[in-house]
Amino acid sequence: MLTSFWISTTTGLGYGVTAGSRAEAMDLLASYGYPLPGEVIADVRENVTVEDLDQNHVVLNAGPIVVRGVWFPRHNV
């Protein structure tokens, strides 16, 4: 079963990842070089929905949240 994660950082908007586990989400994020240098992960929320996200930027620029991978920034399509 896939879980959607929102990974907040101390700077920037954060990251969206859908994966089978938190560890897998972090591995997927790292495979794209995130978090960026100087960013620190502040929080990881599980089971986020589109309604939970910033509608004016994140949702408009995200990939599909139901597909495995990094969907914000969009890498999963």
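For the structure itself, look to the data block above.
Residues numbered from 1 in each chain as written. Predicted model: local features only at pLDDT ≥ 70, side-chain atom pairs only at ≥ 80, totals over all residues. Heavy atoms only, no water.

Draft legend 1. Fine view of the side chain of threonine 18. Considering the arrangement of structural elements, one finds threonine 18 in strand β2 (residues 15-19). A relative accessible area of 2% means that threonine 18 is categorised as buried. A distance of 2.6 Å separates the side chain of threonine 18 from the backbone oxygen of isoleucine 65, its partner in a polar contact. Sequence-distant contacts of threonine 18, that is, excluding residues within four places in its chain, are made with Leu2, Thr3, Ser4, Leu28, Ile65, Val67, Arg68, Gly69 and Trp71. (Helix = DSSP H or I, 4+ residues; strand = E, 2+ residues; numbered from the N terminus. Buried < 20%, exposed > 50% of the residue type's maximum accessible area, 1.4 Å probe, protein only. Polar contact = N/O pair within 3.5 Å; in protein donor to acceptor, adjacent residues only side chain to side chain. Contact = heavy atoms within 4.5 Å.)

Draft legend 2. Structural view of the pairing of strand β1 (residues 3-9). Within β1, seven of the seven residues are buried, leaving the element largely enclosed by the surrounding structure. Burial of the side chains of β1 extends over both faces: Thr3, Phe5, Ile7 and Thr9 are buried on one face and Ser4, Trp6 and Ser8 on the other. Both β1 and β2 contribute to a ladder of five bridges, which runs antiparallel. Bridging across to β2, threonine 3 finds its partner in alanine 19. What sits between the antiparallel neighbours β1 and β2 is a turn of five residues, in which glycine 12 has the positive phi angle 80 degrees. With five bridges connecting them, β1 and strand β3 (residues 41-46) associate as antiparallel partners. For phenylalanine 5, the partnering residue across the bridge sits in β3 and is glutamate 46. (Pairing = 2+ DSSP bridges.)

Draft legend 3. Inspection of the sheet that holds β1 at higher detail. A sheet is described by the order of its strands in space; here four strands give the open sequence β3-β1-β2-β4, paired in antiparallel fashion. Edge positions in the sheet fall to β3 and β4 (69-72), since each of these pairs with one other strand and no more. Between one strand and the next, the sheet's axes are offset by a mean angle of 25 degrees, whatever the strand orientation. Here helix α1 (residues 22-31) sits on the sheet and contacts β1, β2, β3 and β4; the angle it forms with β2, its principal contact strand, is near 125 degrees. (Axes fitted to C-alpha atoms, helices over the stretch in contact; angles between N-to-C directions.)

Draft legend 4. Structural detail: α1. Of all the positions in α1, only Ala25, Leu28 and Leu29 are classed as buried. Down the axis of α1, the sector holding all buried residues measures 100 degrees, keeping them to one side. In α1, the exposed residues that point more than 90 degrees away from the buried face are Ala23, Asp27 and Ser31. Taken from the residues just after α1, glycine 33 is the one with a positive phi, measuring 85 degrees. (Arc of directions from axis to C-beta.)

No statement about biological role is implied by the geometric values presented.
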